[in-house]
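Chain and residue survey
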Amino acid sequence: LIARWFLKWKIKHASRESATPMRPTAHSWWHLSFEEIWPTVIAILWIWGIYLAARILLSPWHADKNFQVVFTALHVARQVACVIVLFWFIFRLINVIEAQLKSFTAKTEKKWDDVLVAVAMRALRLATPLLAVIFILPLLDIPNNDYQMLRHAASVLFIAAIGFRS
């Protein structure tokens, strides 16, 4: 709540200052970035809040060997959720970068830059989930042979996603 209030205050305060060059407009880089980043910040706060609340509620059973599986599952779930939110953040940041690059390329006369931006952004959108899979696999307790096979398959799909253009 404090972070949300601060960001709203900062945007409102920046818009009141007419002399600043970073005054938020409808298409401002900073304004779009804050709008896109904010849901991921909220998600991280929720993940950590739920994790800490569960740890506090389950703390009386921390010494019990039967509950170690629950604590391990809770820890792995938090790690996987944080990695997913990180890549969600990257995916949303790709949208901001694409909007900014499209505004730059709209001012040029040639169409090659428009095509290049579209191809690059499509490749980034295809590669981001595959990179997330590559980063999440080590967090899961998968046998080494299966882990290596899944990692190589994700790497091949990553290369294909970068090289394939439709």
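First, a word on scope: everything that follows refers to the structure included in this document. Since we're looking at a predicted model, the values are computed, not measured.

Here we come to the pattern of salt bridges. Throughout the structure, instances matching the rule amount to 4 salt bridges. In this structure, the salt-bridge partner of Arg-125 is Glu-98, at a minimum N-O distance of 2.2 Å. Taken together, the residues Arg-125 in helix 4 (residues 112-136) and Glu-98 in helix 3 (residues 68-105) connect sequence positions 27 residues apart. Arg-125 gets classed as partly exposed once you look at its relative accessible area, which sits at 26%. You can call Glu-98 buried: its relative accessible area is 12%. Beyond isolated ion pairs, a larger network of salt bridges with shared partners links Glu-98, Lys-102 and Arg-125.

Because each turn of an α-helix spans 3.6 residues, side chains separated by three or four positions end up pointing in the same direction. Compared with the 36 Å implied by 1.5 Å per residue over 25 residues, the 36 Å span of helix 4 between its first and last C-alpha is a close match. The sharpest bend along helix 4 reaches about 25 degrees and sits at Ala-127, with the proline Pro-129 one to four residues further on. Every buried residue of helix 4 is accounted for by Val-117, Met-121, Ala-123, Ala-127, Thr-128, Leu-130, Ala-132 and Ile-136.

Two elements in contact, helix 3 and helix 4, have axes whose closest approach is 10 Å; the angle formed by their N-to-C orientations is 175 degrees. As the angle between them shows, helix 3 and helix 4 are arranged roughly antiparallel. Looking at side-chain class alone, the contact of helix 3 with helix 4 contains 16 nonpolar, 3 polar and 5 charged residues.

Calculation notes
- Residues numbered from 1 in each chain as written.
- Predicted model: local features only at pLDDT ≥ 70, side-chain atom pairs only at ≥ 80, totals over all residues.
- Heavy atoms only, no water.
- Salt bridge = Lys/Arg side-chain N within 4 Å of Asp/Glu carboxyl O.
- Helix = DSSP H or I, 4+ residues; strand = E, 2+ residues; numbered from the N terminus.
- Buried < 20%, exposed > 50% of the residue type's maximum accessible area, 1.4 Å probe, protein only.
- Expected span 1.5 Å × (residues − 1).
- Bend = angle between axes of the 7 residues up to and from the residue.
- Axes fitted to C-alpha atoms, helices over the stretch in contact; angles between N-to-C directions.
- Parallel < 35°, antiparallel > 145°, perpendicular 65-115°, else oblique.
- Nonpolar A, V, L, I, M, F, W, Y, C, P; charged D, E, K, R; others polar.

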